[in-house]
Amino acid sequence: MATGPPDSQARFGQSVKGLLTEKVNTCGTDIIALTKQVLKGSRSAELLGQAARNMVLQEDAILHSEDSLRKMAIITTHLQYQQEAIQKNVEQSSELQDQLNHLLK
């Protein structure tokens, strides 16, 4: 019977060793999963920051475009005034040409 207790102690030791190995493996797996999640979160924050920077650049481009459109509207109005003035001058020029031709006859 002297071999009985050491065998049960050996089995108990192996059982504890097996449980410890299982717990260590589980902890290792959990650490790997946690690391992946942290890296994923870090990447998400980086992408979010990059998206915010791109949004600011787009907003600046839109504001610049709006300013350009306002300036072009003003230029268009001035060109319309000039076109009307030129058209009136051409009409007056035709009338003056007719009057001059009439006087010269």
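Just so you know, these numbers come straight off a predicted model, no measurement behind them. (Residues numbered from 1 in each chain as written. Predicted model: local features only at pLDDT ≥ 70, side-chain atom pairs only at ≥ 80, totals over all residues. Heavy atoms only, no water.)

Re the overall build of the protein
To be explicit about the condition: Numbering of helices and strands runs from the N terminus; a helix is a DSSP stretch of H or I covering at least four residues, while a strand is a stretch of E covering at least two. Values of the radius of gyration come from C-alpha atoms, whereas the globule rule sets the reference at 2.2 Å times the count of residues to the power 0.38. We call a residue buried when its accessible area falls under 20% of the maximum for its residue type, exposed when it is over 50%, and partly exposed in between, using a 1.4 Å probe and counting protein chains only.
Scanning the protein for helices and strands turns up one helix and zero strands. Against the globule reference of 13 Å for 105 residues, the protein gives a C-alpha radius of gyration of 45 Å, more extended than a compact globule. Principal axes of the C-alpha set define a box for the protein whose edges measure 150 × 15 × 10 Å. Going through the 105 residues of the protein one by one, you find that 0% of them count as buried.

Some points on the pattern of salt bridges
Threshold: Salt bridge, as used here: a side-chain nitrogen of Lys or Arg that lies within 4 Å of a carboxyl oxygen of Asp or Glu.
All chains considered together, the criterion is met by three salt bridges. The salt bridge involving D67 is made with R70; its shortest N-O contact spans 3.5 Å. One end of the pair is D67 and the other is R70, both in helix 1 (residues 4-104) and three residues apart, which spans about a single turn. Overlapping salt bridges bring together D67, R70 and K71 as one network.

Details of a nonpolar patch on the surface
Heads up, the condition is: Put simply, a patch holds well-exposed residues, over 30% relative accessible area, that have no salt bridge, with like charges counted together within 9 Å and Val, Leu, Ile, Met, Phe, Trp or Tyr side chains within 5 Å. Surface accessibility in these figures is a Shrake-Rupley result with a 1.4 Å probe; residues are shielded only by whichever protein chains are displayed.
Judged by side-chain polarity, F12, V16 and L20 come together as a nonpolar surface patch covering roughly 310 Å² of accessible area. Turning to its location among the elements, L20 is positioned in helix 1.

That's the geometry; what it means functionally is another story.
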